[in-house]
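# Inside the fold
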Amino acid sequence: MNTIVHERASKMRYRSGLLNRHWYAACRSQDLKKSKPLAQVLFEESIVLWRDQSGRARAMLDRCLHRNAPLSEGVIYDGMLCCPYHGWSYDEHGVCVHVPSMGPCSKAPEGLQLETFHVREQDGLVWVWMGLEEPDEDPFHKLKKSFSLRSLSGSRVRPRLRQFFGLFHLRDFFWRE
């Protein structure tokens with residue numbers, strides 16, 4: 001078996017049964033800036049989250065196709081995610097659209113594309129679909145308009161959340177000072 005194929009198949013995402021067929025919170029919407037990519041790990045997959053030119057959240061594997069440099073350490077320029085190592089640029093679909101060493105007017109070779117993930121923003125969170133197939137049309141139940149993460153962090157609710165979920169489980173989302 002090819003080493004790369006074996007490495008990918010051994011990741012939790014491929015051996016988790018039905019657990020990968022769900023949406024997972026990757027970060028708070030406010031933490032995903034338009035100017036800087038964000039690294040996350042879901043199901044043992046290194047993922048880079050970023051915002052495209054229209055401000056829409058995007059997610060793809062956090063590695064450049066050229067030398068496996070982490071794209072999360074790169075920059076967002078002109079609506080594209082650029083590798084910090086040699087500047088290869090990727091569009092919102094994970095397609096490599098520019099290779100600087102080929103010249104300013106040249107196009108990247110065809111077929112260079114990173115795996116991307118379905119992303120939705122809802123209720124103050126950025127959600128990523130970790131399944132290998134297409135996600136369900138409507139994965140979330142619409143919550144009341146008055147719901148927000150801020151409303152869950154009130155002094156009356158906080159102790160009950162800590163008891164039910166444990167302090168560390170929700171710490172990153174609710175208890176940022």
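Structure shown above.
Nothing here was measured: the structure is a model prediction, and the numbers come from that model. (Residues numbered from 1 in each chain as written. Predicted model: local features only at pLDDT ≥ 70, side-chain atom pairs only at ≥ 80, totals over all residues. Heavy atoms only, no water.)

## Some remarks on the overall build of the protein
Check the secondary structure of the protein and you find 4 helices and 11 strands. Residues classed as buried in the protein amount to 37% of the 177 residues present. For the protein, restricting intrachain contacts to residue pairs at least 6 apart in sequence, the fraction spanning at least 24 positions comes to 46%. Total accessible area on the protein stands at roughly 11500 Å², and carbon and sulfur atoms take up 53% of it. (Helix = DSSP H or I, 4+ residues; strand = E, 2+ residues; numbered from the N terminus. Buried < 20%, exposed > 50% of the residue type's maximum accessible area, 1.4 Å probe, protein only. Contact = heavy atoms within 4.5 Å. Areas by Shrake-Rupley, 256 points an atom, 1.4 Å probe, with all protein chains shown as cover.)

## Some words on the pattern of salt bridges
As enumerated under the stated definition, the model contains 4 salt bridges in all. For Arg28, the salt bridge goes to Asp31, with nearest N and O atoms at 3.1 Å. Taking relative accessible area as the criterion, Asp31 reaches 24% and is therefore assigned partly exposed. (Salt bridge = Lys/Arg side-chain N within 4 Å of Asp/Glu carboxyl O.)

## Side note on the environment of Leu114
Mapping Leu114 onto the fold places it in the loop between β8 (96–98) and β9 (116–117). With 50 residues separating them in the primary sequence, Leu114 and Cys64 have C-alpha atoms 8.0 Å apart. In contact with Leu114, not counting residues within four places along its chain, are Met60, Leu61, Arg63, Leu65, Leu71, Tyr90, His93 and Gly94.

## Considerations on the sheet that holds strand β10 (residues 119–122)
Taken in spatial order, the 3 strands make up an open sheet running β1-β11-β10, and their pairing is antiparallel. Unpaired on one side and paired on the other, β1 (23–28) and β10 mark the two borders of the sheet. Averaged over all adjacent pairs, the angle separating strand axes in this sheet is 30°, with direction ignored. Note that β1 and strand β11 (residues 125–129) share 5 bridges and pair antiparallel. Residue pairing in the sheet places Tyr24 in a bridge with Val128 of β11. (Pairing = 2+ DSSP bridges. Axes fitted to C-alpha atoms, helices over the stretch in contact; angles between N-to-C directions.)

## Comments concerning the sheet that holds strand β5 (residues 75–77)
Strand pairing in a sheet relies on backbone hydrogen bonds, with the paired strands running either antiparallel or parallel. Spatially, 4 strands are ordered β5-β6-β7-β8 in an open sheet, and the strand pairing comes out antiparallel. Each of the sheet's edge strands pairs with one partner strand only, and the pair in question is β5 and β8. The pairing of strand β7 (residues 89–90) with β8 spans 2 bridges and is antiparallel. Bridging across to β8, Ser89 finds its partner in His98.

## Some thoughts on the packing of aromatic side chains
Under the definition given, this model contains 2 aromatic pairs. Geometrically, the ring pair formed by Tyr24 and Phe43 is edge-to-face, given 5.0 Å between the ring centres and 70° between the ring planes. Of this pair, Tyr24 sits in strand β1 while Phe43 is found in the loop between β2 (38–42) and β3 (45–51), placing the two residues 19 residues apart along the sequence. Using a relative accessible area of 24% as the deciding quantity, one classes Tyr24 as partly exposed. (Phe/Tyr/Trp six-rings, centres within 6.5 Å; stacked < 30°, edge-to-face > 60°.)

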